[in-house]
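# Structural characterization, general
Now for the letters of each chain:
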Amino acid sequence: MRLPRQDRFAQIEPLLGKVLHPARYLDHEWGAQEAQDGPFHVCMIYADTYEVGQPNLGIAILYNELNATEGISCERAYLPWVDMSALMRERHIPLLSLETSSPVASFDIVGFTLAHEMVASNIVETLDLAGIAIRAEERDEDDAIVIAGGPSAWNCEPLSPMFDAVLLGDGEQEIVDVARCVRDARSEGLTRKQILDRLSHIDGVYVPSLYEVVVDETSTRWGYAQPLPGTGAPRVVYKRCIPDLGATEPVAQRMVPYMGIVQDRFAIEVLRGCARGCRFCQAGMTYRPVRERPASQIIEAVSEGLSFTGYDECSLSSLSTTDHSQCEQILSELHERTRDLGVRVSIPSQRLDSFGVDMASAVSGSRKSGLTFAPEAGTQRLRDVINKNVTDEDLERAARNAFEHGWRRMKLYFMMGLPTETDEDIVAIGDAAKRVLQIGREVCGRPRKGKGGVSVSISVAVFVPKCHTPFQWVGQLSRDEVRRRQQLLLQSANDRDIKVSYHDSDVSVIEGALSKMGRAGFEVVYRAWQLGCRFDAWTDQFRYDLWLEAGRAAGYDLEQVAAESFPIEAHLPWEHTSPGVSKGFLQREWRRAIDGVTTPDCTMTSCTGCGVCQTLGVSNVIAGDRHGR
Amino acid sequence: MAGKPPIGKPDLNRLRVRFGKDGRLAYLGHLEVINTIERSVRRAHLPFSVGNGFARRMRVQFSQALPVGAASCCEYYDLYLTERTDPDEALERLKHATPAALAPTEAAYVGGRLPALEAWLTRSSWEVRLLGDGGGFTADRLDEALNSLRAVGQIDFMRGDKPRSIGLDNTLVGWTACDGAAEGSWRSIDLSLKTRSSNLGALRPAVLLEAAFATEALEGAALDSLRVTRTVQCHEDEEGSLIDPFDERLLVAAP
Ligand code: SF4
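For clarity, every value in this text was computed on a predicted model and none was experimentally measured. (Residues numbered from 1 in each chain as written. Chains lettered and ligands numbered in written order. Predicted model: local features only at pLDDT ≥ 70, side-chain atom pairs only at ≥ 80, totals over all residues. Heavy atoms only, no water.)

## Regarding the overall build of chain B
Within chain B one finds 5 helices and 11 strands. In summary, chain B has a C-alpha radius of gyration of 20 Å against a globular reference of 18 Å for 255 residues, a match within 12%. The C-alpha extent of chain B, read off along each of the three principal axes, is 60 × 40 × 35 Å. In chain B, the share of contacts with a sequence separation of at least 24, taken over all contacts with a separation of at least 6, comes to 75%. With the model as given, the accessible surface of chain B reaches about 11800 Å², and the carbon-plus-sulfur share is 50%. (Helix = DSSP H or I, 4+ residues; strand = E, 2+ residues; numbered from the N terminus. Rg over C-alpha atoms; globule rule 2.2 N^0.38 Å. Contact = heavy atoms within 4.5 Å. Areas by Shrake-Rupley, 256 points an atom, 1.4 Å probe, with all protein chains shown as cover.)

Pasting the structure below:
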């Protein structure tokens, strides 16, 4: 039911003294858009706590775009922590937006960010707390249009019954088109059904209710979605893609939170997309092509952003920042400009080569706490399978270089359960760590006792096959087998200066199942929420037992669902929503993987035929020269 | 709380700023206030000095932490500047760069060798409005309860899951209580409270009142919520005289 728009902060205020971190619920941050005149109102929601959601750059971009559009206002909401939501339910207070403390159920559009799969139960919880019907089909005529988008929208089927529309790809123009469309349609007095029809004609917009799921001999058990006859909805919805990132506003993040948040710094997106072609990486496939911002724009924007926000740290964010063709120039100019201000520049991940180490060194100053590399697999054979184009020599050279630059702690990321993986590959992870440690000891010497020595930590995630990647057909490694291989690794990485940590294999099973299921999977999500699942990305809240129970109640064994592999010719549950990378390319990449043949980065060589550029009419935009390296 | 020395080198300019904490921002924690003010200083483009340490932090020192939920009109920080910006101009720039509910209200240069604010500001005054109900919820009963606590001389309480205790002989300076106007269905009591802090600790109004409502004198009364405002912070010298942080004797002339 649509609620009236009114400021209800007075209802929340008496609760602030009774909950953890009241700053989560305060609003009034520096840079927040307090004037929310509308008359058309959108609320963007990250369905987790404030400190987790607030750093999200995607929401910041959409927030700015909408608030800059005449007649449209945009506010934010986050999911209150369990203490606050319990009090709100007890006192019949619905979920409120931050800026004006209006009920989320009073908005015209409510938009969710799908940041990862494990946000599923929180979306149900958010809708319920807001008092908005959970299933789109149960919403009233004048209820908010509920939309979603983001990095994890590529298999949105298990969540799609909750959404009136899903936005695929780059959102900055798409969100404005959608908001205008709903606004105009409302003012013309169109019905909800008519509004959804109209939305389905906007590029990049998928309207789940206009599609039916068909299970036949060409499909998996989850079937595939096809447009209902007579709707005119496209058979395949392709993502929206901004051709030139440099033409968009570079300073997206203008809000300065009071509480410490997860990434508490000014962040600027220096490039979008990555064409390295790692075969396990969904972002690498779905954000293509590569679009760099020019160095001059980045440098100006960082100055402006730091000056506006007052942050003392800035992050140059992207999927692979050190691949920016002008990375060196950007870092040295930023260093020059911020030298006397106590400002730190950070880059999220290092390339595994000496250039990566040089760049890390350029930003670290004297603070060399730890350096992170991601070889992902232990043997050359397996790295060729996953198309991680680094060699043992790269790792060794980079490690030596880093120790010589003064680092003492090295962190290495690996995955477990990659296709074709054998025990030999697992043992090789331990060997790689030992080799890096050995190099460190050679370079830095070995102190007599404990402190001051070199150390290596390895972090091993369970590989979860994701849609629209060359590994989308693969089944996930079973939980028992993960545990066995973890033991094997522990035995092989037997040095007290090597620390091994794992991701929780239980969470990976649920993530894997949610990544594989089709629309019928919503039954599992809904039941899990009913059983009490919330905040599944928080280790202390995640309840594997409840998820399995929810699966059983809906008729599925989730461990088996995650482990299931699909025939390479099968019609997959997500093929009607496409990032533009062709199925033929993914199939070819799969075969090359099995043969251990690598595929180069198209920004360094020439087109390798993924299909994005031709399908979407875009191309790689490189500001400088990547070959020059 | 050990008396920290001032962090500024003698050649730096020590700008003392008073600010408030108001409205919903009363719910910020001390660390959140510190971060916000530091960012305000950067936004104000004042010539702040940066420490040489590992983390290269801004040189700024704050007065004692205000409890989460408490408002104030008298919080302080000393900011070290490399140039002597006109204090009125600095105040203006800070005002424009700070969220209104934390806005600065006064700024002046003080002597570089003065002790750091946190340990120096030993006296606080508080205005507290208590909301509650029950037969015994009156100012007289509260008065009685506070007297009985003072007779015991100590409060044992929990902070999180850790047991703590605080002596009242030195920390509880005085109070007056009177019945206030009803708010909706709640009755109210207005309490003016004076406290003193030392290196043994500071007495928080909420701790005192929670203990008061557990005494016999307030049996049958229920406390629902508190609205706490700090109204004065100052230094108490050996003779017992009170010195304001902007006392003329502390200031150094503007250029
Ligand atoms: S179509 Fe070619 S050039 Fe474009 S992203 Fe794909 S491989 Fe690269």
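## A look at the site of the ligand
Residues in contact with the ligand, as listed here, are Arg288, Cys602, Cys607, Thr608, Gly609, Cys610, Gly611, Val612, Cys613, Gln614 and Asn620 of chain A. Among the residues making up the shell around the ligand, the classes are represented as 5 nonpolar, 5 polar and 1 charged. (Near = heavy atom within 4 Å. Nonpolar A, V, L, I, M, F, W, Y, C, P; charged D, E, K, R; others polar.)

## A closer look at unusual backbone geometry
Residues and elements named next belong to chain A. Note that the residue after Gly38, namely Pro39, is joined by a cis bond; omega there is 10°. Relative to the helices and strands, Pro39 is located in the loop between α1 (9-12) and β1 (40-46). Along the chain, Arg288 connects to Pro289 via a cis peptide bond; the corresponding omega equals -5°. As for its placement among the helices and strands, Pro289 is situated in the loop between α8 (282-286) and β12 (291-292). Positioned with a positive phi, His28 is a non-glycine residue whose angle comes to about 60°. Here His28 lies in the loop between α1 and β1. A positive phi is found at Asn387, a non-glycine position, where the angle reads about 65°. Position of Asn387 among the secondary structure elements: in the loop between α12 (380-385) and α13 (392-405). Under the relative-accessibility criterion, Asn387 is labelled buried at 1%. (Buried < 20%, exposed > 50% of the residue type's maximum accessible area, 1.4 Å probe, protein only.)

## Points about the domain arrangement of chain A
Residue and element names in this part refer to chain A. One can read the domain layout of chain A as domain 1 (5-167 + 171-238) and domain 2 (245-503 + 580-616). Overall, the association of domain 1 and domain 2 removes approximately 2300 Å² of surface from exposure, summing both partners, and the carbon and sulfur fraction of that is 66%. Of all residues in domain 1, Trp30, Leu57 and Trp154 give up the largest surface area on contact with domain 2, accounting jointly for 27% of the area buried on that side. Here Glu172 ties to Arg272 by a salt bridge, and the two come within 3.0 Å at their closest N and O atoms. One can count 7 residue pairs in polar contact (both at pLDDT 80 or more) joining domain 1 with domain 2. Sorting the residues of the side of domain 1 that touches domain 2 by element identifies α2 (50-53) and α3 (57-67) as the ones contributing at least two each. Among the elements that take part in the side of domain 1 that touches domain 2, α3 stands out by supplying 5 residues, more than any other. Classifying every residue of the side of domain 1 that touches domain 2 gives 13 nonpolar, 6 polar and 7 charged. (Domains from an automatic or database assignment. Buried area = accessible area lost by both parts, 1.4 Å probe. Salt bridge = Lys/Arg side-chain N within 4 Å of Asp/Glu carboxyl O. Polar contact = N/O pair within 3.5 Å; in protein donor to acceptor, adjacent residues only side chain to side chain.)

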